[in-house]
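# Residue-level structure breakdown
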Number of protein chains: 2
Amino acid sequence: MAAVFNVEAAAADTNKPEPLVIQEQGSFAVGGKETIAPGTFNPRKPMEAAGQTYNGDHLYAFFQIPVNPRKYPIVMWHGAGQFSKSWETTADGREGFQNIFLRRKFSTYLIDQPRRGNAGRSMVETTVKPTPDEQMWFNQFRVGIWPMYFDGVQFDRSPETLNQFFRSMTPSTGPFDMNVVSDGVSALFDKIGPGILFTHSQGGGPGWLTAIKNPSVKAIVSFEPGSSFIFPDGEVPAPIPSAFDTVQGISVPMEQFMALTRIPILVFYGDNIPDKPTDMPAQDSWRARLEMARKWRDVVNKHGGDVTVVHLPEIGIKGNTHFAFSDLNNVQIADLVSKYLADKHLD
Amino acid sequence: MAAVFNVEAAAADTNKPEPLVIQEQGSFAVGGKETIAPGTFNPRKPMEAAGQTYNGDHLYAFFQIPVNPRKYPIVMWHGAGQFSKSWETTADGREGFQNIFLRRKFSTYLIDQPRRGNAGRSMVETTVKPTPDEQMWFNQFRVGIWPMYFDGVQFDRSPETLNQFFRSMTPSTGPFDMNVVSDGVSALFDKIGPGILFTHSQGGGPGWLTAIKNPSVKAIVSFEPGSSFIFPDGEVPAPIPSAFDTVQGISVPMEQFMALTRIPILVFYGDNIPDKPTDMPAQDSWRARLEMARKWRDVVNKHGGDVTVVHLPEIGIKGNTHFAFSDLNNVQIADLVSKYLADKHLD
C-alpha cells in the first residue's frame, strides 16, 4: 500500500511508518447468557450465591475505526488455543492483519470468542491444566517437525519469536461449543451490521454457522479452516481418515446450507501439506482437511455458491505455516485478500 | 483537553472527537516461566506430553504510542476479577483512561496480569467455576447496595450499562500470587524502561512490590488499593478488622521498603466509604482499607516518601465508585491525575 494518510506531524520523520489515524476505538461485550441462583441476596452474606446473578458466554471485541473507513468492517476471529492476538503484532514483532487492514482503511473488530481470553466468563465449569503441548503445536501449525523448521518456512527462527509464538496461546475457560461461539459472533454482527468475517482454523466451522445464522456476514475469508465443514442433509461426503483424526462433514437442512451459497468465500491453505496420506499426524491432518475443503467447495458451488480454495504453493507462494496472516510474507497474503475483496466489490 | 492533533481529514467533521494519531501499536507477552516434561517428544504421538514444553505465567500487553509521546509511558494494571478492559471503553460507552491519556499524548500499555484474560496460560492447574456473585461485586464496587444505587453515584443506571459492567470481568486461570504478577509487571518495565504505573484495587499491593523490584517504576497512581500495603519490618500497624475481612500490612526488610519512599505515589478512594465501622461487609471493607492506606502513607512519608491519599469526597468530588477512572466523571479524575503528573514533573 502506498501512503494512505496525510499527517503533517509525521511527515518530517521518514524512517517511521505512517501513523494510524483512528476516528474511534474501544471495546465491549456482546451476546451471552445470564443465570440467577435461587433465593434472596443478603448483602450481609455476600459470599453466598443466593439470589445472585452470573453473566457469561459473551464475546469480547476490541474495535478501531479509521477516519473515512471503507463500507464493511472486518471481524477477525482466532482459532483453537488462540485469541485476538492472532491478528495483532506477529511473533517476530511485525504488524499483523489488525494494523495492515487499518492502514487499508477497514474498520477492524478483533474478538475473543466466548470462553476464551478476555471473554473468559464461561457458563460451564472447567479445569485448566498446564499440559506440556508446544511441540505438538509447533508441528500442527506446520512451522516444521520439531526441532527442525521446514526449509523455506515463512517463520523467523530466533528463540524470542518462538517464545512469543508459544505465549500467544491462552486456554479455553469452558468447553468449545460451535453454537455458543457462533451465537456470540452472530450477536456481534447484529450490533455492528454488515461486515466481512475473517476466520482461522477452528474458527472456520463456527464461521460457516455464523453466516447461516446472520445475513450481515457479507463474505468470509478463512485461513485453514478445520474439520467442521457444513453440508446439506444427504450430501455429506464420506469421512476422511487421517493419522491425526477423522475429518467429518456436518449436516444441516438445505435451507440453512443455502446461506453459504449467497456470499463470496475465500479459503487459504499454506505449504507443507502432503498430497498423499502419511503417518505424521500433523501433516496428515491438514492433508485430510484440505481434501474436505475442496469437496465442500464443490458442493457449495454446485448449489450456486462462490467458494474459492487457494492452496498457496499452487500459485507459487511457498513456505506458509498455519498462520499465513502473520507469516513473514503476510503483506503479500494481505494483498491477495485485498485484491479478492476489490474483485468482489466488498471494499 | 483542547485539540492536541491537527489532522486535516477530520477537520471537516466537527461533531466527532479528534482522531487518535497512533505512531505505533501492538502487543506482546513478557516474563513468565517454562517447564519441560521428561522424555523425548515423538511427533507420531503428539498428544503425549513426553519431551514437550509449556510456557506460562507471562504478562500480556497491548500498547499504543501516539505521535510525539510524552517522556514516560503509562502502564495500566487492572484489579481482582478484571482485565485490561478496565481502562478501555466504560460500561456506559464513553472513553476510558486508555483513550483519554492517549489524547494527552502518553503512550499506554494495557496489561492482563499473569493468569488473567489474554495471559491465561497459567503454570498452576485451576478450576474455573460459574459462581453467581454479581450482587456481591455490585456492593463491593460501591455502585450501591443491591438493588439500590447510591444517591448521586457516578454510574449510569441503564440496564445495558450494568450488563457491560458485569461482563467486564473474567476469571483467574490460576491462583492469585503477588510475586508472580509483580514479576510479570517488573519484566514489562525491564522491556519498556522508565514509566508510570496506574494500579486498581487488588493490583495495588503487587504494584508496591513491583516498585520495590524495579527502579523503572517512576511513579504510581493507585485507585483504591486493596489490603496489601507494604511496611518495613517492625513497623506494621495492628491489623484492622472489618465486617468483610481483616486488613493486614505486609512486612519487608527496610532496604526494600525504602524503594517506596523514592517515587511520588498518588492514591485515590471514592465515595460511600463510612467513617465508622458498620455491619455491611462491602462498605466496611473499604472503611478498613482507607484507614490502612492512611497509616501506610504516614509510615512511607515518615521515612522520606511522597505519598498523597485523596479521599475524593473530602475535596468535594462526590459519588465515585471503586472505578473512579471509568465513572461518569472520569475526565475530571483524569484532570486530577494530569495535574499531579505535571506538578511532579512526570509529564
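You'll find the structure just up there.
Here we summarise the structure given alongside this text. Given the structure is predicted, the values throughout are model-derived calculations rather than measurements. (Residues numbered from 1 in each chain as written. Chains lettered and ligands numbered in written order. Predicted model: local features only at pLDDT ≥ 70, side-chain atom pairs only at ≥ 80, totals over all residues. Heavy atoms only, no water.)

## Quick look at the relation of the copies chain B and chain A
Of the two same-sequence chains, chain B is brought onto chain A (RMSD 0.0 Å, axial shift 0.0 Å) by a rotation of 180°. Both copies are brought into coincidence by an operation consistent with a two-fold rotation axis. The residues that chain B uses at the interface reappear at the interface of chain A in 100% of cases, marking a shared surface. (Least-squares fit on C-alpha atoms with pLDDT ≥ 70 in both. Contact = heavy atoms within 4.5 Å.)

## Structural notes on the interface of chain B and chain A
In this complex, chain B contributes 83 residues to the contact, which on the side of chain A involves 84 residues. Where chain B meets chain A, there are eight salt bridges. Joining chain B to chain A, the criterion identifies 56 residue pairs in polar contact (both at pLDDT 80 or more). Ranked by residue count, the leading element in the side of chain B that touches chain A is strand E1 (residues 20-30) of chain B, at nine residues. Across the side of chain B that touches chain A, the residue classes tally to 37 nonpolar, 31 polar and 15 charged. In this structure, strand E7 (residues 126-128) of chain A lies alongside strand E7 (residues 126-128) of chain B, joined through three bridges in antiparallel fashion. Residue pairing in the sheet places threonine 126 of chain A in a bridge with valine 128 of chain B of E7 of chain B. (Salt bridge = Lys/Arg side-chain N within 4 Å of Asp/Glu carboxyl O. Polar contact = N/O pair within 3.5 Å; in protein donor to acceptor, adjacent residues only side chain to side chain. Helix = DSSP H or I, 4+ residues; strand = E, 2+ residues; numbered from the N terminus. Nonpolar A, V, L, I, M, F, W, Y, C, P; charged D, E, K, R; others polar. Pairing = 2+ DSSP bridges.)

## Some details on the pattern of salt bridges
Tallying each qualifying case throughout the model produces 38 salt bridges over all chains. Here aspartate 92 of chain A and arginine 94 of chain A are joined by a salt bridge, their closest N and O atoms 2.5 Å apart. For aspartate 92 of chain A, a relative accessible area of 26% translates into the label partly exposed. On the basis of relative accessible area, arginine 94 of chain A is assigned to the partly exposed category, the value being 24%. Where salt bridges share partners, they join Arg121 of chain A together with Asp133 and Glu134 of chain B into one cluster. (Buried < 20%, exposed > 50% of the residue type's maximum accessible area, 1.4 Å probe, protein only.)

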